[in-house]
Amino acid sequence: MTAPLNQTCSCFSLDRARLARALHDALGEPGLEALIAERNPHLFSAQPVFVDQAQAQRMREVALALERVAALPAYRAAVLAYAPQAAQHPPRNPGVFLGVDFHLEAGRLSLIEVNTNPGGALLSALLARAQRACCDAMRGLVPDAAAVDAFEAAVLAMFQREWRDAAKPQPLRRIAIVDTAPQQQYLYAEFLLYQRLFARAGIDAVICDPAELDCDGSALRRRADGVPIDLVYNRLTDFSLDAPAHAALRRAWEGDCAVITPHPRAHALFADKRNLALLCDAQALRDLGADTATAQLLAAHVPHTEIVHPGNAERLWAQRRTQFFKPWAGFGSRAAYRGSKLTRSVWESILQGDYVAQELAPPGERLVGAAGAQRALKFDLRAFADLGHVLWLSARLYQGQTTNFRTPGGGFAPLFEHPGGNA
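Counting of residues starts from 1 at the beginning of each chain's written sequence and follows it residue by residue. Only residues with pLDDT of at least 70 get local features here, since the model is predicted, and only at 80 or more are side-chain atom pairs given and counted; chain-wide, interface and lining totals rely on the full set of residues. Values reported for side chains reflect all heavy atoms of the structure, with hydrogen atoms and water molecules removed beforehand.

Draft legend 1. Representation of unusual backbone geometry in the model. For the peptide bond that leads from Thr261 to Pro262, omega is -10°, which places it in the cis range. Helix and strand labels come from DSSP, where a helix needs a run of H or I of at least four residues and a strand needs a run of E of at least two; each type is numbered from the N terminus. Inspection of the secondary structure puts Pro262 in the loop between β10 (259–261) and α10 (264–271). Positioned with a positive phi, Ala106 is a non-glycine residue whose angle comes to about 55°. Judged by its relative accessible area of 70%, Ala106 is exposed. Remark: exposure states derive from per-residue accessible area (1.4 Å probe, protein chains only) relative to the maximum for the residue type, with buried under 20%, exposed over 50%, and partly exposed in between.

Draft legend 2. Representation of the environment of Trp328. Within the fold, Trp328 resides in the loop between β12 (323–327) and β13 (337–338). Measuring from C-alpha to C-alpha, the distance between Trp328 and Trp392 comes to 26 Å, with 64 residues separating the pair along the chain. Whether two residues touch is decided by their heavy atoms; if any such pair falls within 4.5 Å, the residues are in contact. Contact partners of Trp328, with chain neighbours within four places excluded, come to Asp272, Lys273, Arg274, Asp354, Tyr355 and Val356.

Draft legend 3. Quick look at helix α4 (residues 53–70). Taking 1.5 Å per residue as the helical rise, α4 with its 18 residues ought to reach 26 Å, and the 26 Å between its terminal C-alpha atoms agrees with that figure. The complete set of buried residues in α4 reads Gln55, Ala56, Met59, Val62, Ala63, Ala65, Leu66, Glu67, Val69 and Ala70. Here the expected length of a helix is defined as 1.5 Å per residue gap, with one fewer gap than residues.

Draft legend 4. Focus on the pairing of strand β9 (residues 231–234). Alternating positions in β9 separate into two faces, Leu231 and Tyr233 on one and Val232 and Asn234 on the other, with burial throughout. Strands qualify as paired when DSSP identifies two bridges or more between them. Bridge analysis of strand β4 (residues 174–178) against β9 gives 4 bridges, and the strand direction is parallel. From the neighbouring strand, Ala176 faces β9, where its bridge partner is Val232. With 3 bridges joining them, β9 and β10 adopt parallel strand pairing. Note on β10: the bridge partner recorded for Tyr233 is Thr261. Handedness of the crossover joining β9 and β10 through helix α9 (residues 247–254): right-handed. Look down the strands so they point away from you; if the path from the first strand over the helix to the second goes clockwise, the crossover is right-handed.

Draft legend 5. Spatial organisation of the sheet that holds strand β7 (residues 220–222). The strand order across the open sheet formed by 3 strands is β6-β7-β8, and the pairing between neighbours is antiparallel. In this open sheet, the two edge strands, each paired with only one partner strand, are β6 (213–215) and β8 (228–229). Where β7 lies against β8, 2 bridges are found, and the strand directions are antiparallel. Its bridge partner lying in β8, Arg221 is registered against Pro228. The axes are straight lines fitted to the C-alpha atoms, using for helices just the contacting stretch, and the angles between their N-to-C directions are given from 0 to 180°. Contacts between α9 and the sheet are confined to β6 and β7, with β6 contributing the most and set at about 40° to the helix.

Draft legend 6. Local environment of the environment of Ala63. Here Ala63 shows up in helix α4. Setting aside its immediate chain neighbours within four residues, Ala63 contacts Val100, Ala385 and Val390.

Draft legend 7. Region of the structure containing the packing of helix α5 (residues 73–80) against α10. Viewed as axis vectors pointing N to C, α5 and α10 meet at an angle of 105°, and their least axial separation amounts to 9 Å. The angle between the axes of α5 and α10 places the two elements in the roughly perpendicular class. Across the interface between the two elements, Tyr75, Arg76, Val79 and Leu80 of α5 pack against Arg265, Ala268 and Leu269 of α10. All amino acids are sorted into three groups, where Ala, Val, Leu, Ile, Met, Phe, Trp, Tyr, Cys and Pro are nonpolar, Asp, Glu, Lys and Arg are charged, and the leftover types, Gly among them, are polar. Of the residues assigned to the contact of α5 with α10, the class counts are 5 nonpolar, no polar and 2 charged. Put simply, angles under 35 degrees are roughly parallel, angles over 145 are roughly antiparallel, angles from 65 to 115 are roughly perpendicular, and the rest are oblique.

Draft legend 8. Fine view of the sheet that holds β10. Spatial strand order, β5-β4-β9-β10: 4 strands in an open sheet with parallel pairing. Two strands lie at the open edges of the sheet, namely β5 (204–208) and β10, each paired on one side alone. Strand-to-strand, the axes of this sheet are offset by a mean angle of 20°, without reference to chain direction. Relative to β5, helix α8 (residues 188–200) is tilted by about 165°, and along the sheet it contacts β4, β5 and β9.

Draft legend 9. Representation of the packing of aromatic side chains in the model. Aromatic contacts are taken between Phe, Tyr and Trp rings whose centres are within 6.5 Å, Trp giving its six-membered ring; a plane angle under 30 degrees counts as stacked, one over 60 as edge-to-face, and the others as tilted. A complete count under the given rule lists 12 aromatic pairs for this structure. Ring plane angle 45° and centroid distance 6.4 Å describe the contact between Phe151 and Phe384, whose orientation is recorded as tilted. Highlighted residues: Phe151 in helix α7 (residues 145–165) and Phe384 in strand β16 (residues 375–386), separated in sequence by 233 residues. Each member of the pair Phe151 and Phe384 is classed as buried.

Draft legend 10. Molecular detail of the packing of helix α6 (residues 121–128) against α7. Taken N-terminus to C-terminus, the directions of α6 and α7 make an angle of 165°; their axes are 10 Å apart at the nearest point. Judged by the inter-axis angle, α6 sits roughly antiparallel to α7. Where α6 crosses over α7, the handedness of that crossing is left-handed. Between α6, through Ala121, Leu122, Ala125 and Ala128, and α7, the contact on the second element is made entirely by Val148, Phe151, Glu152 and Val155. Looking at the contact of α6 with α7 residue by residue, the class counts come to 7 nonpolar, no polar and 1 charged. Note on convention: near helix rotated counterclockwise from far helix by under a right angle means a left-handed crossing. Clockwise means right-handed.

Draft legend 11. Spotlight on the pairing of strand β1 (residues 49–52). The two faces of β1 match: Val49 and Val51 on one face and Phe50 and Asp52 on the other face are all buried. As paired strands, β1 and strand β18 (residues 411–418) are joined by 4 bridges and run parallel to one another. Bridge assignment links Val51 to a residue of β18, and that residue is Glu417.

Draft legend 12. Quick look at α6. Counting buried residues along α6, 8 of its 8 residues qualify, which places the element largely inside the surrounding structure. Listing the buried residues of α6 in full gives Ala121, Leu122, Leu123, Ser124, Ala125, Leu126, Leu127 and Ala128. Buried residues along α6 sit in contact with α2 (16–27), α7, α8, β16, β17 (389–398) and β18.

Below, the structure is given as structure tokens:
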């Protein structure tokens, strides 16, 4: 079961002064930490989320099982058959890490979705640097500086691997961190952290909107300076690069003019929510070549999922209270609906869209606040996984249907592995 400390521990593990110092050290520019505190007041939770060590290990096992299945030729052929055109282009680089998201409630661990451009990795590392063991129960749970250093080094190594795997002969010189209106993105602070991480390794990095880019068929450049871009860290949610504003990136992707990571092929293999309908079906996975243990592990932890279509619409409407409906190309819980709250008009829009229905897997709850004035927030869990390794585990606390980073007491939270409990 979930570690009982989520209901009983009222300790505040976040040291705000240490966080300010860590932000200053990481960003390297005076005043930016104050700007982030003003703009993102609920980015970091002051209290951790606890899971049993056995549950944390199960998260790692499920994430790696997902990678094994995605490497199967028959599985790749099956999901690429319905993937968008951009995903048909075969890259040499596999794509940087996945965010494998879980709910954990009443001992039930459920893989609810996978992201190929997950936010929060470097923010979670920064948060880990500002933790303190505020009581005896916390001692031994707080990660040390060496663990955080190793995680950040692994993140940097991923991007360097992407460049090597693309068989580029010259050193990696310039990275573009790309998102729509990046300075307006809620997680802009993390873009700055990546820029500094790359700079410390001697790699120039620019943060820009995709509309600032041009591709002439041989190189991708930012118009402002004309310097070629070697690698794009792609944080866009247009996963197939179909939007007109992303035309330069699409040309660079299809013409191998720059290394794009993550890319449309990775999204199709891992993050398209239609894939969940395969991942929850042990027999289908075995038919695609998965070994029995891997197939059973995934089927046990991926809630039953099916694609919504006219043939199952009547049944799913009748069962809606046990379902969660998501657009299969969606992100961040946008246009996602808990079935118990559906109206007929919303249901009609779901039938006209591209949706999956997933068996409801409620999130866990964490009591936050000082003793005597606590309130319950929901939490979800994220494993950052990359090519056979789970690099880091983190949590997010929130209120409402989505992880909105607008909840007092919520935000990114450290995930502490507690030795007690059962799997």
